[in-house]
Amino acid sequence: MKLQRMNRRALTLGALAVSGALALTACGSDDTGSSSETSSGTTAAAGNIDCGDAKGQLLADGSSAQKNAIDAWVKAFTAECSGVQINYKGGGSGAGVTAFTQGTVAFAGSDSALKPEEVTASKEVCSGGQGIDLPMVGGPIAVGYNVPGADNLVLDAPTLAKIFDSKITNWNDKAIKALNPDATLPDLKIQAFHRSDESGTTDNFTKYLIAAAPDNWKYEGGKAWQAKGGQSASGSSGVAQQVKQTSGAISYMELSYAKDGISTVALDTGASEPVKPSTEGATAAIADAKVVGTGKDLSLEVNYKTTADGAYPITLVTYEIVCDKGNKSDTLPTTKAFLTYIASEDGQKVLAENDYAPIPEDIIAKVRTTIADLS
């Protein structure tokens, strides 16, 4: 009966997601221009892309969480804007912020907002300005696992905290059994994988544990993994590959990486039903976020303890970090044109087609205004 209720809820959320996507992209739905096929096989409307004075090569680095989205955007943008090359390395949020504050990239992607000391450092490369956070990509952080015979695993925050802190070490542990009374759980060692590189995904995943399981997760959090034990792998693709090939494995990754047979955990949040990771669940969680940035900075505070039906709490927001003033004259036109496209209705539509969550309209409208004023 619980599975049937979850299926009915999934169908309802799916219908809401379709209607929400239609509302979000209504102004662009009549586009009859050309389209480009994205890296995942979906299509991105490209007829409305304004290339402006975009030219030459643009270098960027940062969040691997958004790389699948960036790849899709780049393919559509460069198909329309001849002579433009955009190279997004995707080396992780920490690497991206470092590259930005050193002035080696035009913009960076980060799953965490700039820290005060990073804002200070950015003033050295943003002449007369500073680095600002522009929320551009939303997405659920799925907890992927590889446990033979356990197809619909339910976990809660305290249990997850104990698993990733090496306090629960076997899949037939009584705490896991209590949450999955009808499941056949094997006598199998848990292989918990975390990110080896500094990662905004780690930051957001541990922020969830800190907020939702404070008695069981005593670490400060941040981009670097702090808990003892477990195994590590580099990048979202790295941990996903480990889960896929390791029996007993569990890790955290963006939903777009939880593919090719990787099962995902449904979270018991206190809502009426456990919540599976989904783009509509992430958008619902982001809609409950608060803008806490000042000036032109639009950093958000996510409510990781939400118990709203259908809201998936382990949700990250990836920011594009750029100078509000003092951008390099040779890269500013291309930076503005590309950011304008990805924040547009057509650009945000690409997210839902690639397992990401569009930024809610009231927030993305502020992003568009800010991009227009970049100098």
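Each value, and the rule that gives it
- Residues numbered from 1 in each chain as written.
- Predicted model: local features only at pLDDT ≥ 70, side-chain atom pairs only at ≥ 80, totals over all residues.
- Heavy atoms only, no water.
- Salt bridge = Lys/Arg side-chain N within 4 Å of Asp/Glu carboxyl O.
- Helix = DSSP H or I, 4+ residues; strand = E, 2+ residues; numbered from the N terminus.
- Buried < 20%, exposed > 50% of the residue type's maximum accessible area, 1.4 Å probe, protein only.
- Disulfide = S-S within 2.5 Å.
- Phe/Tyr/Trp six-rings, centres within 6.5 Å; stacked < 30°, edge-to-face > 60°.
- Pairing = 2+ DSSP bridges.

## Looking at the pattern of salt bridges
Stage number 1. Applying the stated rule across the entire model yields six salt bridges.
Stage number 2. For Lys-67, the salt bridge identified is with Asp-71, shortest N-O distance 3.2 Å. Residue Lys-67 and its partner Asp-71 are located together in helix α2 (residues 67-80), separated by four residues, close to a single helical turn.
Stage number 3. The exposure class of Asp-71 is partly exposed, given its relative accessible area of 28%.
Stage number 4. Notably, a salt bridge pairs Asp-355 with Lys-259, separated by 3.3 Å at the nearest N-O pair. Of this pair, Asp-355 sits in the loop between α11 (345-353) and α12 (361-372) while Lys-259 sits in the loop between β10 (249-254) and β11 (263-264); the two residues are 96 residues apart in sequence, bridging distant segments of the chain.

## Regarding the state of the cysteines
Stage number 1. This structure, assessed with the given rule, holds two disulfides.
Stage number 2. Residue Cys-51 pairs covalently with Cys-81 via a disulfide, S to S 2.0 Å. Taking the torsion about the S-S bond as the criterion, the Cys-51 to Cys-81 disulfide, at about -90°, is left-handed. Placement of Cys-51 in the loop between β2 (43-45) and β3 (56-62) and of Cys-81 in the loop between α2 and β4 (84-88) is noted, with a sequence separation of 30 residues between them. Like Cys-51, the residue Cys-81 is buried in the burial classification.
Stage number 3. Here Cys-126 is linked by a disulfide to Cys-323, with a sulfur-sulfur distance of 1.9 Å.

## Observations regarding the packing of aromatic side chains
Aromatic rings considered in pairs are described by the distance between their centres and by the relative angle of their planes.
Stage number 1. Here the structure, examined in full by the defined rule, presents 10 aromatic pairs.
Stage number 2. For the pair Phe-164 and Trp-225, a centre-to-centre distance of 6.1 Å together with 65° between the ring planes defines the contact as edge-to-face. Of this pair, Phe-164 sits in helix α5 (residues 157-164) while Trp-225 sits in the loop between α7 (200-212) and β9 (231-233), and the two are 61 residues apart along the sequence. Each member of the pair, Phe-164 as well as Trp-225, is classed as buried.

## So, the pairing of strand β15 (residues 315-323)
The side chains of a regular strand alternate between the sheet's two faces.
Stage number 1. The element β15 is largely enclosed, with a buried count of nine among its nine residues.
Stage number 2. Of the two faces of β15, the one carrying Thr-315, Val-317, Tyr-319, Ile-321 and Cys-323 and the one carrying Leu-316, Thr-318, Glu-320 and Val-322 are both buried.
Stage number 3. In terms of strand pairing, strand β5 (residues 107-110) meets β15 through three bridges, oriented antiparallel. Paired with Ser-110 across the strands is Tyr-319, a residue of β15.
Stage number 4. Here nine bridges tie strand β6 (residues 131-145) to β15, and the two strands are oriented antiparallel to one another. Looking at β15, one finds that Gly-138 is bridged to Val-317.

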